[in-house]
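Chain by chain, the residues run as shown.
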Amino acid sequence: MLEHGASPPVGDSDPRPPSSGGIGTRLMRRKPVERLVAEGGKGEGGTLRRSMGMWQLTMISIGATLGTGIFVVLGEAVPDAGPAVIVAFVIAGVTALFSALSYAELAGSIPVSGSSYSYAYATLGELVAWVCGWCLILEYGVSVAAVAVGWGQYLNELLDGVFGFTIPAALSQPPGDGGVFNLPALLVVLLAMVFLLGGAKESARANTIMVVVKIAALLLFCGVAVQGVRSGNYANFFPMGMAGVSAAGATLFFSYIGFDAASTAGEEAKNPQRDLPRAIMLSLVIVTALYCLVAAIAVGAMPWQKFEGSEAALAGIMKTVTGQSWWAVLLAFGAVIAIASVVLTVLYGQTRILFAMSRDGLVPKVFSKVHPKSGAPRANTVIVSLFCGVLAAAVPLGELADATSIGTLFAFALVNVAVIVLRRTRPDMPRSFRTPLSPLFPAIGFVLCLYMMGSLGAVTWVVFGVWMAVGLVVYFGYGLRRSRLATAEK
């Protein structure tokens, strides 16, 4: 429920301020909500600029969500679930919905750049916040790389249709997928970096244009490909059983991180208490409807067995249905724009999360330095872009997508817990949006996230475990001593 005009109080009046003590007490210290809000936008040498309204926030959310999940990862999910990939999208969407409700409440109550990291810091303590932030680094950084890998596939489709040539596999595929270095993946990340260096307002404008283009491309696909739908392609709807549907749903959950990206814009929104919850919920509805519609038409127009190994499946379907390559060229153009917007918005989210962690002292100060003219964290943006670009150029898509899913699910699970905790510890705090039937809905969201995590493969869990171990080493070696809460206690 929306409560118009509500805004959190400002001032360090939390009745439970952080306190000094033993190691256990220091690990559990919480950052007061009022302090989080009061520090909003403030960085080293400058401040972020509040320039985005609800429309721009919704477009950021859609921009970060609508892209690789339907244009690229669909080709990997269909072999796991068959025609029931439609159900997998619904399961992933419902899982995302419960978490989105929790995000909407916290985004309206604590409108800051750190997203679930900041929410955990205010409710669950510094160690949990660090773990959440470390998961977000995995989620966002690897997501940018995964999306960039898929971009190269559609770029080749476009080049082939328009000019009759493609980038050689050695330069368009990562090692392990038949290539040496994925040059297109690196280029799209660097292109997004250029937009972000211009500032949030300029990036949001470019993203809005790209979102309109990709929605038009998907609607074009539906209008053309529906002519090729055959009822026989839906036969044997669950060829892999519910286990296959669950596995596909866990992989596709990678496609629903967009509303998290919108919440990272809390310090650059004009009216975050009002607009962030609305943008989160509206974008989730639009994206889920488009995902399910496109997936239903895609598996109806092409036998599910033919999706194996296809990372540009929609363009191939257009070509098969019409018998003409120019339809596929149009779709490939839309996909190139669509996936570029995902890279732009997810990269934006990554930089803002590191900005918040840096401001809290948990990562180096360079990530919170703001350029006085553009109002953008430039050094942060360059460092993150170069890292993600190199990762995209060197790692196969499938491994990246699953690693992103597990990081996303873990962070979402913590957000659901944070809502329950904050309702108990700060029941009177103003909330511009309240999750219905709390604590039931947040608890359902938490359980669904754990269920989806359990559907991921053993290799993904090993990668996640190693990433968490590295994160704990970094925290105890750096963040624990340099935390601004720690220095305030001395």
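Residues numbered from 1 in each chain as written. Predicted model: local features only at pLDDT ≥ 70, side-chain atom pairs only at ≥ 80, totals over all residues. Heavy atoms only, no water.

(A) Highlighting the confidence of the model for the protein chain. For the protein chain, the average pLDDT comes to 83, and 91% of its residues sit at 70 or higher. Ignoring residues within four places in sequence, the model shows residues 1–20, a span with pLDDT below 50, making 49 contacts including any to other chains. (pLDDT = per-residue confidence, 0-100. Contact = heavy atoms within 4.5 Å.)

(B) Examining helix H3 (residues 54–65) more closely. With 12 residues, H3 extends 17 Å from end C-alpha to end C-alpha; this agrees with the ideal 16 Å at 1.5 Å per step. Counting buried positions over the 12 residues of H3 gives nine, a clear majority of the element. What H3 keeps buried is the set Leu57, Thr58, Met59, Ile60, Ser61, Ile62, Gly63, Ala64 and Thr65. Contact partners of the buried residues in H3: helix H11 (200–225), helix H13 (258–263), helix H14 (272–301) and helix H16 (325–359). (Helix = DSSP H or I, 4+ residues; strand = E, 2+ residues; numbered from the N terminus. Expected span 1.5 Å × (residues − 1). Buried < 20%, exposed > 50% of the residue type's maximum accessible area, 1.4 Å probe, protein only.)

(C) Up close: the pattern of salt bridges. A full pass over the atoms with the stated rule returns 11 salt bridges. Arg359 is the salt-bridge partner of Glu267, the closest N and O atoms lying 2.6 Å from each other. Remark: Arg359 occurs in helix H16 and Glu267 occurs in the loop between H13 and H14; sequence separation between them is 92 residues. Across the pair, exposure class does not vary: Glu267 and Arg359 are buried alike. Across the salt bridge formed by Glu268 and Arg352, the nearest N and O atoms sit 3.0 Å from each other. Of this pair, Glu268 sits in the loop between H13 and H14 while Arg352 sits in helix H16, and the two are 84 residues apart along the sequence. Here the two residues Glu268 and Arg352 agree in accessibility, since each one is buried. Several salt bridges share partner residues, and in doing so they unite Lys31, Arg35, Glu39, Asp360 and Arg484 into one network. (Salt bridge = Lys/Arg side-chain N within 4 Å of Asp/Glu carboxyl O.)

(D) How the structure looks around helix H17 (residues 378–394). Counted at 1.5 Å a residue, the expected span for H17 with its 17 residues is 24 Å, and the 25 Å between its end C-alpha atoms agrees. When we look at burial in H17, the residues that qualify are Asn380, Thr381, Val384, Ser385, Cys388, Gly389, Leu391, Ala392 and Ala393.

(E) Inspection of the nonpolar core at higher detail. Ranked by internal contacts, the top residues of the largest apolar core, which has 160 residues, are Phe71, Leu74, Val85, Phe89, Phe221 and Leu314. A per-element tally of this core places helix H8 (residues 126–163) first, with 21 residues. (Core = buried A, V, L, I, M, F, W, Y, C linked by side-chain atoms within 4.5 Å.)

(F) Fine view of the state of the cysteines. Taken as a whole, this structure holds zero disulfides when the rule is applied. With no disulfide of its own, Cys222 lies 11 Å from the sulfur of Cys292, the closest cysteine sulfur. The thiol of Cys388 is unpaired, and the distance to the nearest cysteine sulfur, on Cys135, comes to 16 Å. (Disulfide = S-S within 2.5 Å.)

(G) Representation of the environment of Ile137. With respect to the secondary-structure elements, Ile137 resides in helix H8. Ile137 gets classed as buried once you look at its relative accessible area, which sits at 15%. Expressed as a C-alpha distance, the spacing of Ile137 and Thr404, which sit 267 residues apart in the sequence, is 9.5 Å. Excluding residues within four positions of it along the chain, Ile137 makes contact with Val142, Gln350, Leu354, Met357 and Trp467.

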